[in-house]
Amino acid sequence: MIFKKGNIIDEFKTGRYNFLLHQANCHGLMGGGVAAALSTEWPWLAEVDKQYLEGAPRRKYGSYSTFGTNFGEIVNLYGQFEPGGPQKKGLDTFEERCHHLKLAMTKFANNHSGSVIMPYIASGIASDWDLRKDMSDKEYFMRYIMPIVEESLPNWDIVVIGP
């Protein structure tokens with residue numbers, strides 16, 4: 001896993017990566033973080049995402065969808081049920097999100113191969129702020145999310161990009 005600073009969309013558009021992975025909520029709302037930037041760059045992406053398993057957000061949880069671009073495929077990993085941070089109880093807790101992110105990544109890895117670029121997944125607006133406290137996005141990612149990525153995508157070429 002290699003860490004770089006920069007703009008994930010600009011880096012993806014170099015064509016050096018087969019896949020751009022990011023975490024998405026299960027309601028087709030691409031209104032914040034990396035998802036918002038992606039849907040601004042590729043406006044059709046938000047509409048196509050809403051149509052994936054439309055009306056069945058629970059079936060999305062722990063799955064993924066892919067969308068082709070001229071540069072590679074964008075992969076929505078449905079590792080959070082609701083937008084924003086995790087809930088204290090129910091199906092969208094931090095533990096549930098980690099479990100469903102791992103499921104989505106493992107399913108993806110079992111069906112694809114190649115090189116990946118990703119942001120600090122689940123480490124910005126989707127963070128558990130009780131755990132995060134004063135950690136940076138990178139510190140939070142490395143402590144809580146990187147082990148999930150390493151276990152789910154072993155032997156993959158992965159570039160993680162952040163500000």
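What follows covers the overall build of the chain. Per the secondary structure count, the chain includes seven helices and six strands. Along the chain direction, N to C, the helices and strands of the chain fall in the order β-α-β-α-α-α-β-β-α-β-α-α-β. Across the 163 residues that make up the chain, the buried fraction comes to 50%. Counting 17 positive and 19 negative side-chain charges, the chain places the averaged centre of each group 2 Å from the other.

Turning to helix α2 (residues 33–41), its buried residues number three or more, namely A35, A36, L38 and S39. On an axial view of α2, the arc spanned by its buried residues comes to 165 degrees, and they lie on one face.

What follows is about the pattern of salt bridges. Across all of its chains, the model carries seven salt bridges by this definition. Between K4 and E11 there is a salt bridge whose closest N-O contact spans 2.9 Å. In this structure, the salt-bridge partner of K88 is D130, at a minimum N-O distance of 2.0 Å. Here the residue K88 occupies a position in the loop between β4 (73–80) and α5 (94–111), and D130 occupies one in helix α6 (residues 129–132), the gap between them amounting to 42 residues. Relative accessible area serves as the criterion here: at 46%, D130 is assigned to the partly exposed category. Residues participating in the shared-partner salt-bridge network are K4, E11 and R16.

This part takes up the sheet that holds strand β2 (residues 19–25). If you trace the six strands from one edge of the open sheet to the other, you get β1-β6-β5-β2-β4-β3, paired in mixed fashion. Edge strands, defined here as strands with exactly one partner in the open sheet, are β1 (2–5) and β3 (64–68). Ignoring strand direction, the axes of neighbouring strands in this sheet form an average angle of 30 degrees. Strand direction decides the pairing type here: β1 and strand β6 (residues 157–162), joined by four bridges, are parallel.

On to the packing of α5 against helix α7 (residues 137–152). One way to put it is that α5 packs onto α7 with a least axis distance of 8 Å and a crossing angle of 35 degrees. As α5 runs across α7, the sense of the crossing is right-handed. In this structure, α5 contributes F94, C98, L101, K102, M105, T106 and A109 to the contact, and α7 contributes Y140, Y144, I145, I148, V149, E151 and S152. Classifying every residue of the contact of α5 with α7 gives 10 nonpolar, two polar and two charged.

This paragraph deals with the nonpolar core. Side chains of nonpolar character tend, in soluble globular proteins, to be buried together. L21, L77, M118, I121, F141, I145 and L153 are the most contacted members of the largest nonpolar core, which has 29 residues in total. What L21 contacts, discounting residues up to four positions off in sequence, is V75, L77, F108, V116, I117, M118, P119, I121 and L153. Within the second largest apolar cluster, 16 residues are counted, among which are L20, A35, L45 and V159.

Once that is clear, we can look at the side chain of S39. Note on placement: S39 falls in helix α2. By relative accessible area, S39 is classed as buried at 14%. From its side chain, S39 meets the backbone oxygen of A36 in a polar contact 3.1 Å long. Other than its neighbours up to four places away in sequence, S39 contacts M30, L45 and A46.

Calculation criteria
- Residues numbered from 1 in each chain as written.
- Predicted model: local features only at pLDDT ≥ 70, side-chain atom pairs only at ≥ 80, totals over all residues.
- Heavy atoms only, no water.
- Helix = DSSP H or I, 4+ residues; strand = E, 2+ residues; numbered from the N terminus.
- Buried < 20%, exposed > 50% of the residue type's maximum accessible area, 1.4 Å probe, protein only.
- Lys, Arg positive; Asp, Glu negative; His and termini not counted.
- Charge placed at Lys NZ, Arg CZ, Asp CG, Glu CD.
- Arc of directions from axis to C-beta.
- Salt bridge = Lys/Arg side-chain N within 4 Å of Asp/Glu carboxyl O.
- Pairing = 2+ DSSP bridges.
- Axes fitted to C-alpha atoms, helices over the stretch in contact; angles between N-to-C directions.
- Left-handed = near helix turned anticlockwise from the far one by under 90°.
- Contact = heavy atoms within 4.5 Å.
- Nonpolar A, V, L, I, M, F, W, Y, C, P; charged D, E, K, R; others polar.
- Core = buried A, V, L, I, M, F, W, Y, C linked by side-chain atoms within 4.5 Å.
- Polar contact = N/O pair within 3.5 Å; in protein donor to acceptor, adjacent residues only side chain to side chain.

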